[in-house]
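If you want the building blocks of each chain, they are given just below.
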Amino acid sequence: MPTVSVKRDLLFHALGRTYTDEEFDELCFEFGLELDEITSEKDIISREQGDTKAEGASDVILYKIDVPANRYDLLCLEGLVRGLQVFKMEAPRYRRVSPASSEPQRLVITKETTAVRPHAVAAVLRNITFTQERYDSFIELQEKLHQNVCRKRTLVAIGTHDLDTISGPFTYTAKPPGDIRFKPLNQAKEYTAQELMSLYKTDSHLRHYLHIIEDEAVYPVIYDSNGIVLSMPPIINGDHSKISLNTKNVFIECTATDLTKAKIVLDMMVTMFFQATDLSVPGTVSPHHHPAVCFLLWENILEPTGQYVHSDYPHSICNPQPFFGISESTEHIAQLLTKMCLRSEVMSDGEQIEVEIPPTRSDVIHACDIMEDAAMAYGFNNIPRTTPRTYTIANQLPLNKLSELLRQDLAAAGFTEALTFALCSQEDIADKLLKNISETRACRISNPKTAEFQVARTTLLSGLLKTVAANRKMPLPLRLFEISDVVLKDESKDVGARNNRRLCAVYYNKSPGFEVIHGLMDRVMQLLEIKPGQGNGYHIQAADDSTFFPGRCAEIFACGKSIGRLGVLHPDVINRFELTMPCSALDIDIEHFL
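Cut-offs used in this document
Along each chain, numbering runs from 1 in the same order as the chain's sequence is written. With the structure being a predicted model, the display of local features is reserved for residues of pLDDT at least 70 and the display and counting of side-chain atom pairs for 80 or more, all residues being used for whole-chain, interface and lining totals. No hydrogens and no water enter the side-chain calculation; it runs on all heavy atoms of the structure. For helices the rule is a DSSP run of H or I covering at least 4 residues; for strands it is a run of E covering at least 2, with both sets numbered from the N terminus onward. Type-normalised accessible area, obtained with a 1.4 Å probe on protein chains alone, sets the label of each residue: buried when under 20%, exposed when over 50%, and partly exposed for intermediate values. Two residues form a contact once any of their heavy atoms are found within 4.5 Å. The Shrake-Rupley method, run with a 1.4 Å probe, gives the accessible areas here. Residue values count only the displayed protein chains as cover. The rule for a salt bridge is simple: a side-chain nitrogen of Lys or Arg has to be within 4 Å of a carboxyl oxygen of Asp or Glu. Residues grouped as a nonpolar core are buried Ala, Val, Leu, Ile, Met, Phe, Trp, Tyr and Cys residues, joined through side-chain atoms within 4.5 Å. If DSSP finds at least two bridges between two strands, the strands pair. For patches, a residue must show more than 30% relative accessible area and have no salt bridge; joins then use 9 Å for like charges and 5 Å for nonpolar side chains, namely Val, Leu, Ile, Met, Phe, Trp and Tyr. Simply put, an axis is a line fit to the C-alpha atoms, just over the touching stretch for a helix, and the angle between two N-to-C directions goes from 0 to 180 degrees. Here the word oblique covers every angle except those under 35 degrees (roughly parallel), over 145 (roughly antiparallel) and from 65 to 115 (roughly perpendicular). Each helix crossing is assigned a hand: it is left-handed if the near helix lies turned anticlockwise from the far helix by less than a right angle, otherwise right-handed if that turn is clockwise. Throughout, the ten residues Ala, Val, Leu, Ile, Met, Phe, Trp, Tyr, Cys and Pro are labelled nonpolar, Asp, Glu, Lys and Arg are labelled charged, and all others, Gly among them, are labelled polar.

The secondary structure content of the protein chain amounts to 15 helices and 29 strands. Within the protein chain, the proportion of its 594 residues that are buried is 50%. If you take every contact in the protein chain between residues at least 6 apart in sequence, the share linking residues at least 24 apart comes to 69%. Entry remark: accessible area of the protein chain is about 29,200 Å², with carbon and sulfur atoms responsible for 49%.

See the structure below:
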């Protein structure tokens, strides 16, 4: 959960009253938040760096508040204050109105951006008044959004500019790095985009975002009508249009690979700071269309009165009362929802509630979300405890129960349990095991973060061998086992794949130890009460498998079905996992025994 740090006195001033720590903790709990810590800047530095470093630091009390990960409207002081105030009074409403004396600003998106970051939305906040605290909160909100919904700028990047230093219409395009040249934020001279990428490789903050575009043939860039560079998203803004405490009109642009997320981020930026604007100056909304890319430009002045005009904000109709077990009137339920920033009205039939979803509540995507908010406003502790209408007895899933029992007995047999990654590289399940990747029925990850996590594992053996390799300096012999799921393609399933619970064990020593693995298999069958023999018993027969040494591999049959294999691993497999001694392995499917 994200944590928001706010100054206690500033928060209480904005709320219009003072709370004790206990009272504010209770208020947060009622609203679905958690007061995580009460501290100060001095205490934090003292705890992390020592008392000497903390000398001279501020003693101002800070509240650290945990907020739900999907409540982007609570990531700054302004959002927290509005949410808590609404919880005690009426919810605000937002409205866009047209500017009185000028045309709306325009942002033109060219087709070149489709190759790198194809979407952009923008807004203007006019006649804003920044105090130092409000300015700091404005910057901090951007950082919180970048780390949260923006996924470290990979999905959305936010740029804010002093509108009075630039002139529209604005152009969002993409150019080769050598063709982009401007003076970046807080720098003394101009650089090309290539030079900036080299400059910021050592920057402790910006170097984490370079990988997003550095391998692209073109870089995104935003110009004003005079050719001044506003920003090179998602890396850095231009110094020419930087905002300050004296800024009165703010141009906000969000470039993105995900248009939905871009709209959410823009809504958060403008709704969180509409109270800082002079509402006597109107704004407008103007949709535009480019032949290659459809986009919206929003120039906003938001007022806490009036009607919604943006049809993208849905209205949900629901009756949450039967779902959380309280006996309240429909009117009271509507009042509870309004306390949670969801303005609600009882419909003409007296049974249904029409709920208006504000732009600040992007987390509301289903009627269940509305029901949860109603229950939260009512107070979970106020819901009476009742006996469930259906009596059930909780029980462990048979497959999990079998797995736990086998784990205990394999450990008693002298084997150590390992827990390996469910994702691995294609090489681990194919080349290293002397198999073709097309034969493994592996599910591939569409956009893997690293080469180590390209596919979902189809066998537990490769993970155990990598574990042995990492512990080969330990005293011999090494006996390891794992009972976990593998993932196999299965067209008969609605998702195209299925999990399969398997047992795998390896024995690593100066001698192959085939008899040890064979004995372990016999012990497993004894535990499962399956006797040796054909038919309803179990038996093994010689088999060929490229992973195992020729002539030292056997297929295992139980109750007439093939359930796995055991044998001595092929020397090439041993070498490819950087091992130096022989190894035997057992791999069986335990789902057949349910």
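The next thing to look at is helix H9 (residues 330-339). Taken residue by residue, H9 has Thr330, Ile333, Ala334, Leu336, Leu337 and Thr338 as its buried positions. Remark: Cys341 follows H9 within two positions and exhibits a positive phi of approximately 70°.

It is worth spelling out the pattern of salt bridges at this point. Taken as a whole and judged by the stated rule, the model has 17 salt bridges. Put simply, Asp9 and Arg8 hold a salt bridge, and the shortest N to O gap is 3.4 Å. On the accessibility criterion, Arg8 (24% relative accessible area) is partly exposed. Arg565 is the partner of Asp545 in a salt bridge, and the nearest nitrogen-oxygen pair spans 3.0 Å. Highlighted residues: Asp545 in the loop between strand E26 (538-542) and strand E27 (548-558) and Arg565 in strand E28 (residues 561-569), separated in sequence by 20 residues.

Before going further, it helps to examine the nonpolar core. Of all hydrophobic cores here, the largest spans 67 residues; its most connected members are Leu11, Phe24, Ile65, Leu145 and Ile252. Looking at this core element by element, the count peaks at 8 residues for helix H8 (residues 259-272). Not counting chain neighbours up to four residues away, the residues in contact with Leu145 comprise Tyr72, Leu75, Cys150, Ile158, Val265, Met268 and Met269. Counting residues in each nonpolar core, the second largest holds 29 residues, with Leu503, Met521, Leu528 and Val568 among its members.

With that settled, consider the sheet that holds strand E13 (residues 236-237). If you trace the 5 strands from one edge of the open sheet to the other, you get E5-E8-E11-E12-E13, paired in mixed fashion. Each edge of the open sheet carries a strand with a single partner, namely strand E5 (107-109) and E13. Both strand E8 (residues 170-175) and strand E11 (residues 219-223) contribute to a ladder of 5 bridges, which runs antiparallel. From the neighbouring strand, Lys175 faces E11, where its bridge partner is Tyr219.

So, on to the pairing of E26. When E26 meets E27, the two strands line up antiparallel, connected through 5 bridges. Its bridge partner being in E27, His539 is matched across the sheet by Phe557. Hairpin connection of E26 to E27: 5 residues between the antiparallel strands.

Turning next to a nonpolar patch on the surface. A grouping of Phe421, Leu423, Ile445 and Phe453 is seen on the molecular surface, where their side chains present a nonpolar patch of about 360 Å² in accessible area. Topologically, Phe453 is positioned in the loop between helix H12 (426-429) and strand E23 (455-456).

A separate point is the packing of helix H6 (residues 132-147) against H8. If you want to describe how two helices pack, look at the angle between their axes and the distance between the axes. Viewed as axis vectors pointing N to C, H6 and H8 meet at an angle of 160°, and their least axial separation amounts to 11 Å. In terms of axis orientation, H6 runs roughly antiparallel to H8. Classified by chirality, the crossing of H8 by H6 is right-handed. Where H6 abuts H8, its residues Phe138, Leu141, Gln142 and Leu145 lie against Val265, Met268, Met269 and Met272. Residues that form the contact of H6 with H8 fall into these classes: 7 nonpolar, 1 polar and no charged.

It is worth spelling out the pairing of strand E29 (residues 583-589) at this point. Where a strand is regular, its side chains alternate between the two sheet faces. Along E29, 7 of the 7 residues are buried, which leaves the element largely enclosed by surrounding structure. Side chains Cys583, Ala585, Asp587 and Asp589 of E29 all project onto a buried face; the interleaved residues Ser584, Leu586 and Ile588 project onto the opposite face, where all are buried too. The pairing of strand E25 (residues 497-508) with E29 spans 7 bridges and is antiparallel. Paired with Tyr507 across the strands is Ser584, a residue of E29. Where E28 and E29 come together, 5 bridges link them in antiparallel fashion. Along E29, the bridge assignment pairs Gly567 with Ala585.

In spatial order, the strands read E1-E3-E2; together these 3 strands make up an open sheet with antiparallel pairing. One side of each edge strand has no neighbouring strand; the edge strands of this open sheet are strand E1 (3-7) and strand E2 (34-40). Put simply, the sheet's adjacent strands are angled 25° from each other on average, direction ignored. Sheet strands in contact with helix H2 (residues 21-31) are E2 and strand E3 (61-66), and its direction is about 145° off that of E2.

Shape descriptors only; they carry no functional weight alone.
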